[in-house]
Amino acid sequence: MAEAANASPLAAARAWLQDYRPGLRARELGVVRSVGDGIAWVAGLPSAAMDELLRFEDGSLGQVFHLSDGHLGAVLLHQTEGLTAGTRAMLGGRVLDMPVGDALLGRVIDPLGRPLDGGDAVRSGQRRPLDTPSPPLLERDFVTEPLLTGCKIVDTLLPIGRGQRQLIIGDEGTGRSALALDAVLNQKDSGVRCVYVLIGQKRSAVVSTLELLRQHGALAYTSVVVGEASALPGLQYLAPFAGCTLAEAWMHAGHDTLVVYDDLSAHARAYRELSLLLRRPPGREAYPGDIFYLHARLLERATHLSAEAGGGSMTALPIVETLQGEIAAYIPTNIISITDGQIYLDGGLFAGGFRPAIDIALSVSRIGGKAQHPRIRAAAAGVKLEYLQFLELETFTRFGARLEPALQARLKRGQVLRELLKQERLAPVSAAGHLAWLLAFGHGLLDALAPAEVGGALGRLLAAVPGSGLDLRSSDEAWLAWLETALVSP
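None of these values were measured; they are calculated from a predicted model.

A. Fine view of empty space enclosed by the protein. With the rule as written, the count across this model stands at one cavity of 30 Å³ or more. When its volume is computed, the largest cavity comes out at roughly 40 Å³. Here the lining of the largest cavity takes three residues from helix α4 (residues 176–185), the largest share from any one element. Here the lining of the largest cavity is composed, by residue class, of eight nonpolar, one polar and no charged.

What follows is the structure, encoded as structure tokens:
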């Protein structure tokens, strides 16, 4: 009985009181002066540091965003109805972090790691800060492996390597998000883990994206980070950093990852809104707090690590919106200078029925060619130049000039190539399929077809490739012998 009494809560409390010694404990307390539009002005807290977490006595959360004499400005990350002027604020004692790891696969979360899919709270023993330095040069390695998107134009003419930063840019409604989603769907069974970041988008667009990923089984290897349009501006501002942190943890664990930022134009608008509300300049005169520095710091974290550093990779596909095709605007030029190339989607091509509406003349991939498979690189050599020459020739013929038979043949061959480059959504092409159509076009096996017949012939050809028994290791002679038979078969 005595042992039971000693083990009771009352006995434990009595023992604690006997050993208790009163003492002084100093703690800083701030007071909220005003709240509105997703920010709060706080008086006091002289020891606060930039980007430090703030806790309010009503349960709200914030992040220090601006320091001034006697007060600070904080962006709100969670706001309750009880947050008003006079609410006390306390320093969190740490910077923002979030859970990372395999527990996040298949989950839809906000930038703080809180679930948005109706599931249980994320249970992970690993956490990482949202803002970390990019890997040093000595930990980086060359980009040597391709990241196949399933898009014929991208994988053959504008190849992307694992660890590359490739910008997707164009007007609204030209298929930027569709191209990125197709790239995510094509990573099934490739071992690449994906993170899709939705920034400032309507809830209907978010639901549509999630449903597409769910229908194609992509959530098994994908995590979705959402900072929707109705969320606090602070969450929209943090969304790309949260997605990068999640992919970065897998990269350092030795995995290949793909992260899509959809889109950084909305992120720049959210940052500008917060900057103006907190009375700090949002442009380049605010260095190092300007938007160029933020996007550079974000995208520099994408790389291919050396074997000693883990051997993983993070491929970044930032999406940026242009207005009426103005590629030389402030935000687009910023990110073009940061990335390793861009895929430009043109509204005129989209309206004309050329899908995906990629302007091959204005698109470039600076380092992806080194990671492209040698067979596809050899078969695609000269195709881009031939297509650009065809576009110039086609423009010349609009003036009604007469063409020699040789030029007419080149014009028809260019029309065949244009039909070959067209591709519907959710119709990815395998690496062997790319090699098949490139060899067929390069050796003139499709020249006899009318442009209207190319789509059907290509569809039958790509459908027959899996049963051919051929792959990228097969010789050109074996491929050509099979192609000649496949193209004449009904």
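B. Region of the structure containing the nonpolar core. Judged by nonpolar contacts, the single largest core of 70 residues is most densely connected at I358, L421 and W479. It is helix α15 (residues 431–442) that contributes the most residues to this core, nine residues altogether. If sequence neighbours within four positions are ignored, I358 has contacts with C151, I153, V154, L158, L179, I343, Y344, L345, L349 and S363. Core analysis: the second largest hydrophobic core is formed by 56 residues, V100, L264, L299 and V320 among them.

C. Quick look at the layout of surface pockets. The computed volume of the largest pocket comes to approximately 580 Å³. Lining the largest pocket are 24 residues, with E172, R176, S177, Q201 and A205 positioned closest to its centre. Grouping the amino acids of the lining of the largest pocket by side-chain chemistry returns seven nonpolar, eight polar and nine charged. Of the volumes computed, that of the second largest pocket is approximately 420 Å³. In this structure, the second largest pocket is lined by 24 residues; those nearest its centre are A178, D182, E424, R425 and L426. Among the elements that make up the lining of the second largest pocket, the one with the highest residue count is α4 (four residues). Split into classes, the residues belonging to the lining of the second largest pocket amount to twelve nonpolar, seven polar and five charged.

D. Fine view of the packing of aromatic side chains. Per the stated rule, a full pass over the model turns up seven aromatic pairs. Each ring, one from W16 and one from Y20, has its centre 5.2 Å from the other, and the planes form 35°; the classification is tilted. Judged by relative accessible area, W16 falls into the exposed class, the value being 54%. Judged by its relative accessible area of 44%, Y20 is partly exposed. Aromatic pair F65 and Y271: ring centres 6.2 Å apart, planes at 70°, arrangement edge-to-face. One end of the pair, F65, is in strand β4 (residues 61–68); the other, Y271, is in helix α7 (residues 264–277), and 206 residues separate them in sequence. Taken individually, F65 and Y271 each receive the classification buried, so the pair is uniform in this respect.

E. Inspection of the confidence of the model for the protein at higher detail. Looking at the protein, the pLDDT average stands at 92 and 96% of residues meet or exceed 70. Across the protein, strand β11 (residues 192–199) holds the top mean pLDDT of 98, while helix α1 (residues 2–6) sits lowest at 47. Note that residues 1–5 has pLDDT below 50 and, in this model, one contact with residues that lie over four places away or in other chains.

F. Looking closely at the pattern of salt bridges. For the structure on display, the rule yields 24 salt bridges. Close ionic contact of D447 with R413 constitutes a salt bridge, the shortest N to O distance being 3.0 Å. Note that D447 is positioned in the loop between α15 and α16 (451–464) and R413 in helix α14 (residues 405–421), a separation of 34 residues in sequence. Looking at D447, the relative accessible area reads 31%, which means it is partly exposed. Residue classification places R413 among the buried positions, given a relative accessible area of 18%. Across the pair K422 and E419 runs a salt bridge, and its minimum N-O distance is 3.2 Å. K422 sits in the partly exposed class, given a relative accessible area of 29%. With a relative accessible area of 22%, E419 lands in the partly exposed category.

G. Representation of the pairing of strand β3 (residues 52–56). Counting buried positions along β3 yields four of five residues, so the element is predominantly enclosed. With four bridges connecting them, β3 and strand β6 (residues 88–95) associate as antiparallel partners. Bridged to L54 within β6 is L91. Pairing between β3 and β4: three bridges, direction antiparallel. Within β4, the residue paired with L53 across the bridge is Q63.

H. Broad picture of the sheet that holds strand β14 (residues 313–322). Strand order in the open sheet formed by eight strands is β8-β12-β11-β13-β14-β10-β15-β16, with mixed pairing between adjacent strands. The open sheet is flanked by β8 (108–109) and β16 (364–365), the only strands paired with a single partner. In terms of strand pairing, β8 meets strand β12 (residues 222–227) through two bridges, oriented parallel. Across the sheet, the residue bridging to V108 is V224, located in β12. Packing of helix α6 (residues 233–252) onto the sheet brings it into contact with β11, β12, β13 (256–262) and β14, and relative to β11 it is tilted by some 175°. With respect to the sheet, helix α9 (residues 330–338) is in contact with β10 (167–171), β14 and β15 (341–345), its orientation differing from that of β14 by roughly 160°.

About the criteria used
- Residues numbered from 1 in each chain as written.
- Predicted model: local features only at pLDDT ≥ 70, side-chain atom pairs only at ≥ 80, totals over all residues.
- Heavy atoms only, no water.
- 1 Å grid on protein atoms, 1.4 Å probe; cavity = no way out; pocket = protein on both sides within 12 Å on 5 of 7 lines; lining within 4 Å.
- Points joined across faces, edges and corners; volume = space filled by probe spheres on them.
- Helix = DSSP H or I, 4+ residues; strand = E, 2+ residues; numbered from the N terminus.
- Nonpolar A, V, L, I, M, F, W, Y, C, P; charged D, E, K, R; others polar.
- Core = buried A, V, L, I, M, F, W, Y, C linked by side-chain atoms within 4.5 Å.
- Buried < 20%, exposed > 50% of the residue type's maximum accessible area, 1.4 Å probe, protein only.
- Contact = heavy atoms within 4.5 Å.
- Phe/Tyr/Trp six-rings, centres within 6.5 Å; stacked < 30°, edge-to-face > 60°.
- pLDDT = per-residue confidence, 0-100.
- Salt bridge = Lys/Arg side-chain N within 4 Å of Asp/Glu carboxyl O.
- Pairing = 2+ DSSP bridges.
- Axes fitted to C-alpha atoms, helices over the stretch in contact; angles between N-to-C directions.

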